[in-house]
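Architecture at a glance
The residues making up each chain are set out below.
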Amino acid sequence: MDIRNYIYQLIEPLNEKNWLSKTYDIVMLIAIIIGIFPLMFREQTTLFWYFDLISSICFIVDYLLRWVTADLNSKRSRKVAFILYPFTPMAIIDLLSILPILNIISPTFKIVRVSRLLKILRIFKIIRYFEPLVIITAVVHKQSKVLCTVLSLAIFYIFITALIMFNAEVDINPETGTYLFDSFFEAFYWAACTLTTVGYGDLYPISSIGRVISIISAMVGIAIIALPSGIITAGYMNELRNRKKSEEEAEKMGA
């Protein structure tokens, strides 16, 4: 096994058979945790400065190792894999999570202004090292077409409900002296809150016809919101069964 294959086996998450790989995953999880921990506080201390430095160094090393072995996890040729890797979604997140180190190097960099927001992206790196999230990501990828269809249905229903309510609820709000839905965006916002059964209570119909529309929207919304939950749950269980079957087959072949 050459050095690049060894590195790939090391950084490949959730490799249960390689204790070095498991150790690497734990180190990266710790780096992610200490990298986002300072975001829970307004004041930045010297300890947090070291947290940023240590986590940023770990992220830089991880980014370079994944770039060096990009072709081993791709169906493309080595040269193409190396060129395209920085433009993959996770590589972009990795790079953006590294940029806050400029804040440590020199406070004069303009990136300092948004460094705290970029640090939040570090939490998405946990997806690589937390198995339930890995499985959920795989399920969402496999069921992407169905989930996109459900999302399109939800957006269409929100739009239609908002349009109906915007034209049906024409009473004047006695508290403000204006229309309850002064713009279509407010009606769209109300429809989204009703569909998801959030119900913030800042916008609500005051006429009888508006309340009837609200009841129907809420009842249908429960059914639409339940669809992706069922799809993801079924896909999650199926993914668990497939992984367990693959592990059993690998053990039989190893025996």
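Every chain is numbered independently, its residues counted from 1 as its sequence is written. For a predicted model such as this one, the threshold for reporting local features is a pLDDT of at least 70, and the threshold for listing and counting side-chain atom pairs is 80 or more; totals across whole chains, interfaces and linings nevertheless cover every residue. Where side-chain values are given, they derive from all heavy atoms of the structure, hydrogens and water being excluded.

We define a salt bridge as a contact between a side-chain nitrogen of Lys or Arg and a carboxyl oxygen of Asp or Glu at a distance within 4 Å. Counted according to the given criterion, the structure contains five salt bridges. Note that Asp71 is salt-bridged to Arg4, the shortest N-O span being 2.7 Å. With Asp71 in the loop between helix 3 (46-68) and helix 4 (78-84) and Arg4 in helix 1 (residues 3-11), this pair connects stretches of sequence that are 67 residues apart. For the pair formed by Asp71 and Arg4, the shared burial category is buried. Of the charged contacts, one joins Glu239 and Lys142 as a salt bridge, the two residues approaching to 2.7 Å between their closest N and O atoms. One end of the pair, Glu239, is in helix 11 (residues 208-254); the other, Lys142, is in helix 8 (residues 131-142), with 97 residues separating them in the sequence. Strands are runs of DSSP state E lasting at least two residues, helices are runs of H or I lasting at least four, and both sets are numbered from the N terminus onward. The rule is simple: take the accessible area with a 1.4 Å probe, protein chains only, and divide by the maximum for that residue type; under 20% is buried, over 50% is exposed, in between is partly exposed.

Turning to the side chain of Asp62, a few remarks are in order. Relative to the helices and strands, Asp62 resides in helix 3. With a relative accessible area of 0%, Asp62 lands in the buried category. At 2.5 Å, the side chain of Asp62 forms a polar contact with the side chain of Tyr24. Contact between two residues is taken to exist if any of their heavy atoms lie within 4.5 Å; hydrogens are not considered. When neighbours within four sequence positions are excluded, Asp62 is seen to be in contact with Tyr24, Met28, Asp94, Lys125, Arg128 and Tyr129. Whenever two N or O atoms come within 3.5 Å, that pair is a polar contact, provided that in protein one can donate a hydrogen and the other can accept it, and provided that, for residues adjacent in sequence, both atoms are side-chain atoms.

Axis lines are fitted to C-alpha atoms, over the contacting stretch for helices. Their N-to-C directions set the angle, which ranges from 0 to 180 degrees. The contact between helix 1 and helix 2 (residues 19-36) brings their axes to 7 Å, and the two run at 55 degrees. Classified by the angle their axes make, helix 1 and helix 2 are oblique. Seen from helix 1, the contacting residues are Tyr6, Gln9, Leu10 and Ile11; seen from helix 2, they are Leu20, Ser21 and Tyr24. Residues are grouped as follows: Ala, Val, Leu, Ile, Met, Phe, Trp, Tyr, Cys and Pro are nonpolar; Asp, Glu, Lys and Arg are charged; every other residue, Gly included, is polar. Its residues placed into classes, the contact of helix 1 with helix 2 shows five nonpolar, two polar and no charged. Any angle from 65 to 115 degrees is called roughly perpendicular, while one under 35 is roughly parallel, one over 145 is roughly antiparallel, and all others are oblique.

The tendency in soluble globular proteins is for nonpolar side chains to be buried as a group. In this description, a nonpolar core means a group of buried Ala, Val, Leu, Ile, Met, Phe, Trp, Tyr and Cys residues linked to one another through side-chain atoms lying within 4.5 Å. Formed by 17 residues in total, the largest nonpolar core has its most connected members in Tyr24, Met28 and Phe59. Elements supplying a minimum of two residues to this core: helix 1, helix 2, helix 3 and helix 5 (89-98). For this core, the element with the most residues is helix 2, which contributes four residues. Counting 15 residues, the second-largest nonpolar core is a separate cluster that includes Ala162, Trp190, Leu195 and Ile224.

Pairing of aromatic rings covers Phe, Tyr and Trp, the last through its six-membered ring, and needs centres within 6.5 Å; plane angles under 30 degrees mean stacked, over 60 mean edge-to-face, and all others mean tilted. Here the structure, examined in full by the defined rule, presents eleven aromatic pairs. Seen from their ring centres, Tyr63 and Trp67 are 5.8 Å apart, and the 70 degrees between their planes marks the pair as edge-to-face. Residue Tyr63 and its partner Trp67 are both found in helix 3; the two are separated by four residues, about one turn of the helix. Judged by relative accessible area, Trp67 falls into the partly exposed class, the value being 33%. Taking 6.0 Å as the distance between ring centres and 50 degrees as the angle between the ring planes, the aromatic pair formed by Tyr63 and Tyr85 counts as tilted. On the criterion of sequence distance, the pair formed by Tyr63 in helix 3 and Tyr85 in the loop between helix 4 and helix 5 is long-range, its members being 22 residues apart. For the pair Tyr63 and Tyr85, one class covers both residues: buried. By way of ring pairs, the aromatic residues Phe37, Phe41, Phe48 and Phe51 are connected into one cluster.

On their own, these measurements won't tell you what the molecule is for.
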